[in-house]
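Residues per chain are reported as follows:
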Amino acid sequence: MSKDFNIILISMDAVRPDHLGPYGHETIQTPNLDDIGKQGVIFDDATGTSCLTPIAHASILSGNNPSVHRVRGPFEIVQSPMISERLKTIGYETAGFVGVGFLSHACGFAKGYNHFSEPDEMKAWGSKDYITGGQTRKCLFGNLWPEEMLGWLDKAKNKPFFVFGHYFECHWGSEKHLLKNDLLENNYLSEFDYYDAKIEYMDKILFGPLIERLKTYGLWEKTIIVITADHGENLGEHETLTPFYPQHRTLFECDLKIPLIIKAPTLPQNRHVKGVVRSIDIVPTLYDLLGINGKTTDGDSLIDAAHSGICQNRIAYAEELYEKRGRGSLQAVKSNQYKYMINRSEDSEAFFNLEEDPEEANNLMGSLSESQSVLLAEWRQLCDAHL
């Protein structure tokens, strides 16, 4: 086990990989993310465990599927041990910064942190009521924390540290607050509620100062940086119940594909990795990089894939069982070639060949080959097992 490396894990809420420079977006300007990508490993087909923020983040931080960490909807309490807890026990200084009330102290997400910052009535720019457990609870949106994080780093820089940051200001709704405070330019990259403009702003105020601070303190070379998202965003690729975009209420690829970039001193630079990887693979990868032994997660290390440039034979599971939010109780399973989705509320299924149909436009149910039918039966059982 080694404490030679610091760790910074950043999750960008609702950010699609194809709207980032390291993934080939040619319009948006993200020079700082681009720099991290050039010095790290870029996973081209990473998948989250849900299109709902608390479920997806419980998986990112624990390395477990929802059936294990038990967060299946809003305001449920995460049951799995999280990376913050484990690193704190071995001497890391730990800090967490989150931008939405789903990831609050009350929901168990503050476990293992010496310092934890979450939205409150003073910092939040919005809120929404959710019905859960027969009760209506208000979720606060917004906590622009980059300066607070940098201040914490100033004090913790001489010890091994772990920082988790959940950046929420790319999410729909934040543009009103950012425009009101002259943090976005009116009518600049304004499509889809200023989606790309908000990503550019994040690159400027978060990743730029973070890189500068780490280099100033001589910590750049000894800090592992992981950049990901909880889920993607539907920008009109698939119809939803409410006719507005952006939103994320399906298990189509636009909502499940996430960026995943890992910069680590012992990993290759400027390397793209093909093949399905999962958000539950992040924590075991970090444990592997630190030399922490023991299989405590559903995920698996990505170190071998990072060196070889390909990840084979991994199956990704995702769910959104909170029926009040979208079209029903949803589950999905994905491999490098195929995708299966089931809506248990509507008793409907879909099976796609992602290699031939990446837009998920041609449902193959009713015309499956023998081998595809065998796979369908296996994946139906897998979904049943996750209930």
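Above this note sits the structure.
Residues numbered from 1 in each chain as written. Predicted model: local features only at pLDDT ≥ 70, side-chain atom pairs only at ≥ 80, totals over all residues. Heavy atoms only, no water.

> Describe unusual backbone geometry, and please don't skip the residues or the numbers.
The omega torsion of the bond from Y245 to P246 falls at 5°, within 30 degrees of zero and hence cis. As for its placement among the helices and strands, P246 is situated in the loop between β8 (223-228) and α8 (253-256). Positive phi, normally seen in glycine, also occurs at N187, with a value near 70°. Considering the arrangement of structural elements, one finds N187 in the loop between α6 (174-180) and α7 (191-216). The class of N187 is exposed, set by a relative accessible area of 59%. (Helix = DSSP H or I, 4+ residues; strand = E, 2+ residues; numbered from the N terminus. Buried < 20%, exposed > 50% of the residue type's maximum accessible area, 1.4 Å probe, protein only.)

> I'd like a rundown of the sheet that holds strand β14 (residues 338-343), residues and numbers included.
Within a sheet, neighbouring strands are paired by backbone hydrogen bonds and run either parallel or antiparallel to one another. The four strands are arranged β12-β13-β14-β15 in an open sheet whose pairing can be described as antiparallel. Of all strands in the sheet, those bounded by a partner on one side alone are β12 (316-320) and β15 (348-353). Going across the sheet, the axis of each strand differs from the next one's by a mean of 10°, ignoring polarity. Where β14 and β15 come together, six bridges link them in antiparallel fashion. Its bridge partner lying in β15, M341 is registered against A350. Along the sheet, helix α11 (residues 370-385) makes contact with β12, β13 (330-334), β14 and β15, crossing β14 at roughly 50°. (Pairing = 2+ DSSP bridges. Axes fitted to C-alpha atoms, helices over the stretch in contact; angles between N-to-C directions. Contact = heavy atoms within 4.5 Å.)

> How would you summarise the pattern of salt bridges if you had to cite specific residues and measurements?
The tally for this structure, following the rule as stated, stands at 19 salt bridges. Between R314 and D281 there is a salt bridge, and its shortest N-O distance comes to 3.1 Å. In this pair, R314 is assigned in the loop between α10 (303-308) and β12 and D281 in the loop between β11 (271-278) and α9 (282-290), connecting sequence segments 33 residues apart. When sorted by exposure, R314 lands in the same class as D281, which is buried. Ionic contacts of the salt-bridge type, sharing partners, join the residues D45, E253, K257, K334, K339 and E360 into one network. (Salt bridge = Lys/Arg side-chain N within 4 Å of Asp/Glu carboxyl O.)

> So, helix α5 (residues 146-156): which residues are in play, and what are the values?
Every buried residue of α5 is accounted for by P146, M149, L150, W152, L153 and A156. Down the axis of α5, the smallest arc covering the buried residues is 160°, so these residues share one side. Structural note: α5 exposes E147 and K155 on the side pointing more than 90 degrees away from its buried face. The secondary structure elements touched by the buried residues of α5 are β3 (93-97), β4 (115-117), β7 (161-167) and α7. (Arc of directions from axis to C-beta.)

> Kindly report on the packing of aromatic side chains, identifying the contributing residues and their values.
Counted under the stated rule, the structure contains 14 aromatic pairs. Ring centres 4.9 Å apart and planes at 70° place the aromatic pair F102 and Y130 in the edge-to-face group. Residue F102 is found in the loop between β3 and β4, and its partner Y130 is found in strand β5 (residues 126-132); the two are separated by 28 residues along the sequence. Each member of the pair, F102 together with Y130, is buried. Of the aromatic side chains, those joined through ring pairs into one cluster are F75, F102 and Y130. The ring of W220 has K215 lying over it, and the distance from NZ or CZ to the ring centre is 5.2 Å. The ring of W220 carries K263 above its face, with NZ or CZ at 4.5 Å from the centroid. (Phe/Tyr/Trp six-rings, centres within 6.5 Å; stacked < 30°, edge-to-face > 60°. Lys NZ or Arg CZ within 6 Å of the ring centre and 35° of its normal.)

> How would you explain the state of the cysteines if you had to name every residue and give the values?
What makes a disulfide is a covalent bond joining the sulfur atoms belonging to two cysteines. For the structure on display, the rule yields zero disulfides. In this structure C170 is a free cysteine whose sulfur lies 17 Å from that of C139, the closest cysteine sulfur available. Just so you know, C311 is unpaired, no disulfide at all, and the nearest cysteine sulfur is the one on C383, 20 Å from it. Overall, the relative accessible area of 3% leaves C311 in the buried class. (Disulfide = S-S within 2.5 Å.)

> Let's hear about helix α2 (residues 53-62): which residues, and what values?
Among the 10 residues in α2, 10 count as buried, and that is most of the element. Within the sequence span of α2, burial applies to T53, P54, I55, A56, H57, A58, S59, I60, L61 and S62. Looking at the buried side of α2, the elements it contacts are β1 (6-12), α3 (66-69), α4 (83-89), β7, β8 and α9. Count one or two residues on from α2 and you reach G63, which has phi positive near 80°.

> How would you summarise the side chain of H57 if you had to cite specific residues and measurements?
As for its placement among the helices and strands, H57 is situated in helix α2. With relative accessibility at 0%, the residue H57 sits in the buried group. If near-sequence neighbours (up to four positions away) are discounted, H57 is found in contact with S11, D13, L103, F109, F164, H166 and D230.

> Lay out the environment of A306 in plain terms, naming residues and giving numbers.
Position of A306 relative to the elements: it lies in helix α10. Placed 62 residues apart in sequence, A306 and F244 show a C-alpha to C-alpha distance of 38 Å. Apart from the residues lying within four places of it in its own chain, the contact partners of A306 are V41, F43, L267, P268, R271 and V273.

Function cannot be read off these values alone, since they describe shape.
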